[in-house]
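# Residue-level structural notes
Here is what each chain is made of, one letter per residue.
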Amino acid sequence: MYYLNEEPKRSPLRWIVIIALLLTGGYFALAKWSPRTLERARVWLTTDKAAKGAAPALPIEPAPQASEAKPELPRQLNAPATGITQPPPDAPATVDKSAQVAVLLYHRVEANASPALRIAPELFEEHMQKLKDANITVISMQDFLAWKRGEKSIPARSALITIDDGFSSTFDVARPILKKYGYPWTCFVYTNFISRGSALTWEQLAQLRDEGVEIGCHSHSHANLRDTQGKPPEVYEEWLKQEIAGAKQTLEQRLGIRCATYAYPFGSYSNRVLEHVKAAGFEAAFTLGSIRTSFSAPSDRIARFSWLDARPHDFNPVFSWSGRVQAADAPQANAAVAMPAAPAEAAIPILTQPLDGDVIADPQPLLRADLAALGNVDANTVSLRLSGVGMIPFSWVPDSKLTISAKVPKPLEPGDYTVTVTALAERRRVEAQWRFRVDTGSGYDNALRPSDKPR
Ligand SMILES: [Zn+2]
């Protein structure tokens, strides 16, 4: 090999050969020690070449072995066609997939409003300070959406502040406090309330827009969207369109904005509602629920901690952020809202823990499900099943008739699991299903970060 004896500068070939040797060595090392990594690299290379618009077809991988690269689960198994924006299968390495966001919901920042909606201005300001003290970063809606798209990283503990309905106190009281803290926030308004009575005006909304506040859509009339009110199907469809796409168009035209987010009135939705929200082009939609939002959480039903004066403990998990696990011991905030019976639907998406599509490290996880979306469930008919395990005894979360909780009886082998909840609601059988993967070797999703240790 004559070139090895040459002077380096006289022999660029030498470097080419060295690089080629390194690449070949690396390839065989990968093939020997981590063939799955190699497979993933191949998938990545081929999908990268494919047309941008085409969804890359990641193979569904077999149950993972410990110590291997963390797998990707197909997302949204039970709610398809309804997922608005799913993260790309391989987000840039810079995006922290283990970060979480506590989404906060307030209504009227004034002492003398209805107890269901109010928070005293002093207490609201105290909350803002507590976020700061707990080292929780308040991020903007746009940063949140970019993170969910896999395009931008956010701090491991983040919060999103949302104020619904558009009462004038949002402008007069909340806005100066938020300004003082320099917090970005989102204002969800329903269009037939604007510039009427105790609501903020179109001019004030335009000012908020100019100050960088995200304006989101909260329907036209603030009716419960899953309640057909006896309308014939085609009338109901048209009405949904007005409450969702129509309200979006009104806001976009009056304010000259792109309205990317929707908040369901009363947090209430159905599969049909989700489909309308998707068709209208919303990038994310928000409901209620005392859980933090993870990277893999479905973007069309983001949970929000909803402030209720009577239930301050609902917010405890926000300010005492300890560990990754979602579970507020507080019941769901929408428990008080009477939901009409679910229309006959095959699979109803519900809020769960682990989230649908989650990869968890804990082999013996706590399962939780908020059954509110299933309608008027007869509590005596509820059953909980875990694939590979069978029926699991569960308990109702205290103070909540809608959330069930169960500890998996024995540690699970690594692999994929399906949880099925069935019940009778108004004598109709209703069912919800979600999936998660146990990957004890990855430490990927559920591990406590040192900074997350309870204090
Ligand atoms: Zn509202």
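Residues numbered from 1 in each chain as written. Predicted model: local features only at pLDDT ≥ 70, side-chain atom pairs only at ≥ 80, totals over all residues.

### Notes on the nonpolar core
Ranked by size, the top nonpolar core spans 93 residues in total, and within it Val 103, Leu 104, Leu 160, Tyr 264, Leu 371 and Leu 374 carry the most contacts. The leading source of residues in this core is strand E1 (residues 100-106), at 6 residues. For Leu 160, the contacting residues outside a window of four places in its chain are Val 101, Val 103, Leu 104, Ile 139, Met 141, Phe 144 and Thr 186. (Core = buried A, V, L, I, M, F, W, Y, C linked by C-beta atoms within 7 Å. Buried ≥ 20, exposed ≤ 12 C-beta atoms within 10 Å, placed from the backbone. Helix = DSSP H or I, 4+ residues; strand = E, 2+ residues; numbered from the N terminus. Contact = placed C-beta atoms within 7 Å.)

### What about the sheet that holds strand E14 (residues 390-391)?
Pairing in this open sheet of 5 strands is mixed, and the strands run E11-E18-E17-E13-E14 from one edge to the other. The open sheet is flanked by strand E11 (358-360) and E14, the only strands paired with a single partner. In this structure, strand E13 (residues 383-386) lies alongside E14, joined through 2 bridges in antiparallel fashion. Residue pairing across strands places Arg 385 opposite Met 391, the latter belonging to E14. (Pairing = 2+ DSSP bridges.)

### Notes on the packing of helix H7 (residues 233-255) against helix H8 (residues 271-279)
In contact at an axis separation of 9 Å, H7 and H8 are set at 45 degrees when each is read in the N-to-C sense. Our classification of the angle between H7 and H8 gives oblique. In this structure, H7 crosses over H8, and the sense of that crossing is right-handed. Here Leu 240, Lys 241, Ile 244 and Ala 245 of H7 come into contact with H8, specifically with Arg 272, Val 273, His 276, Val 277 and Ala 279. In terms of residue class, the contact of H7 with H8 is built from 6 nonpolar, 1 polar and 2 charged. (Axes fitted to C-alpha atoms, helices over the stretch in contact; angles between N-to-C directions. Parallel < 35°, antiparallel > 145°, perpendicular 65-115°, else oblique. Left-handed = near helix turned anticlockwise from the far one by under 90°. Nonpolar A, V, L, I, M, F, W, Y, C, P; charged D, E, K, R; others polar.)

### Describing the confidence of the model for the protein chain
Scored by pLDDT, the protein chain has a mean of 78; 71% of the residues are at 70 or more. Note that residues 42-83 has pLDDT below 50 and, in this model, 68 contacts with residues that lie over four places away or in other chains. Between residues 323-346, whose pLDDT stays under 50, and residues either more than four places distant or in other chains, the model counts 69 contacts. (pLDDT = per-residue confidence, 0-100.)

### Overview of the sheet that holds strand E16 (residues 403-407)
Across a sheet, paired strands are connected by hydrogen bonds in the backbone, their directions being either parallel or antiparallel. With respect to topology, 4 strands assemble into an open sheet ordered E10-E12-E16-E15, the strand pairing being antiparallel. Edge positions in the sheet fall to strand E10 (351-353) and strand E15 (395-396), since each has one partner strand and no second. Inspection of the sheet shows strand E12 (residues 366-370) paired to E16 by 5 bridges, in the antiparallel sense. Within E16, the position partnered with Leu 366 by the bridge is Lys 407.

### Observations concerning the environment of Arg 428
Within the secondary structure, Arg 428 sits in strand E18 (residues 428-438). As a C-alpha pair, Arg 428 and Asn 376 span 52 residues in sequence and 10.0 Å in three-dimensional space.

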